[in-house]
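Summary of structural features
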Amino acid sequence: MFGLLGRNSVRCSRQIAASRNFSSIQELKKTPLFDYHVEKGGKMVDFAGWALPVSYPDLSHVESHLHTRKGVSIFDVSHMLQLHIHGKDRIKFIESILVADVESLAENTGTLSLMTNENGGIIDDCIVHKSSAGFLNLVCNAGCADKDLAHITERCSAAVSAGLDVAVEVKPAHSLIAVQGPQMQTVLQEGLQDDLSKLYFNHTALVDVWGIPCRVTRCGYTGEDGVEISVPDDRAVELVERLMGTSDEVKLAGLGARDSLRLEAGLCLYGNDIDETTTPVEGTLMWTISKRRRAARDFPGADRIMEQFLAKPKTGKRRVGVIVDKAPARPHYPVLNMEGEVIGEVTSGSPSPCSGKNIAMAYVDNKYIKNGTPLQVQVRKRVFSATKVAMPFVPTQYYNPPK
């Protein structure tokens, strides 16, 4: 069987205020929270064809970032593509397009995974969960929604033609709200009868939140403890208002804070830090591929990926963390060795609100990936000292089961 409901149509770009010639914000796609953002003074920008808030007037970018690290913030991520994969062959199908070991996931748990092409490049990074309700839940980046959906449905059609029982459904009329920060549990628990302390990182549950039927997943893209709540569109504003009403310390946050938070956490931004020309080996994302999947080599691009992974000596490029002295590094700034030779390029970079240091992700030649390796970064016409460091730049606070 094969089913497809709805379709998002956005270009594969995740750059804030990208170069699209809309005459006004009103012509962009809008989430069900658009009017609420405007009412609260959100500064609306073009993000992959969607009108989303980059900031709010009550807090600066840095203040919002730091508030998320210490308190709790609400992010509208309703532009993300939410899919359900149905059918008795759903796991076999999803493992034909993702590198994740979905078969080994316990029910109502999930993981970050990668969708790869036949050359081993990364089509997208996404979250997959195995629901006890008999389907898989897949959340993909909004900036890649169009190409992801086309790729997945094409592969699904081929699978159905080959006799597999699988169907792809775009989850209809549901928003996605991220609640992030160390005070999240205290705030959200007020709306739950279930004990939120029993829901661990990357675990998911269908629950009522203040009487609203939702899927609550313990995850997020800030490095903090948090959840993402899938909520019916017509009750999204109600949910956010209930969350905001629990305490004056609950704040709305925008794209600016989300980007610097994910960078401090060492998390990739698709289109900047990973894309279809980079492999999981080069992106230092081999942890997403289990021993079983590595041995089976049954995902797209597996041969090239495993050849890179097993090669001795290691060659090519790798994604690394870099701290730059005195100047912030930005995407495309050249990375140099101490002899002044170009050995890589910055893909993401900004001052870290938490440490005060200039942090960056970059791809560099493999022989420069040892922690502590001295480097240089060219910032316009000047060259500044830099050091290769481990990521994350700030310790993550994911809520895991006690050991």
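Below you will find a few notes about this structure. (Residues numbered from 1 in each chain as written. Predicted model: local features only at pLDDT ≥ 70, side-chain atom pairs only at ≥ 80, totals over all residues. Heavy atoms only, no water.)

Moving on, we come to unusual backbone geometry. Note the cis peptide between Lys312 and Pro313, where omega equals -5°. Counting through the fold element by element, Pro313 comes out in the loop between helix H9 (302-310) and strand E15 (317-324). Cis rather than trans, the peptide bond between Met391 and Pro392 has omega equal to 5°. Its location among the elements puts Pro392 in the segment after strand E20 (382-389). Phi is positive for Ala48, close to 55°, though the residue is something other than glycine. By secondary structure assignment, the location of Ala48 is in the loop between strand E2 (43-47) and strand E3 (50-55). (Helix = DSSP H or I, 4+ residues; strand = E, 2+ residues; numbered from the N terminus.)

Under the defined criterion, the tally for this structure stands at 0 disulfides. Of all cysteine sulfurs, the one in Cys140 lies closest to Cys156, which takes part in no disulfide; the gap is 14 Å. A residue is classified by how much of its surface remains accessible, and Cys156, at 0% relative accessible area, is buried. The thiol sulfur of Cys219 is not disulfide-bonded, and the nearest other cysteine sulfur, from Cys126, lies at 12 Å. For Cys219, a relative accessible area of 7% puts it in the buried group. (Disulfide = S-S within 2.5 Å. Buried < 20%, exposed > 50% of the residue type's maximum accessible area, 1.4 Å probe, protein only.)

Below, the discussion takes up the environment of Asp234. Relative to the assigned elements, Asp234 resides in the loop between strand E13 (226-232) and helix H6 (236-244). Residue classification places Asp234 among the exposed residues on the basis of a relative accessible area of 70%. Through-space distance from the C-alpha of Asp234 to that of Ser175 is 8.8 Å; in sequence the pair is 59 residues apart.

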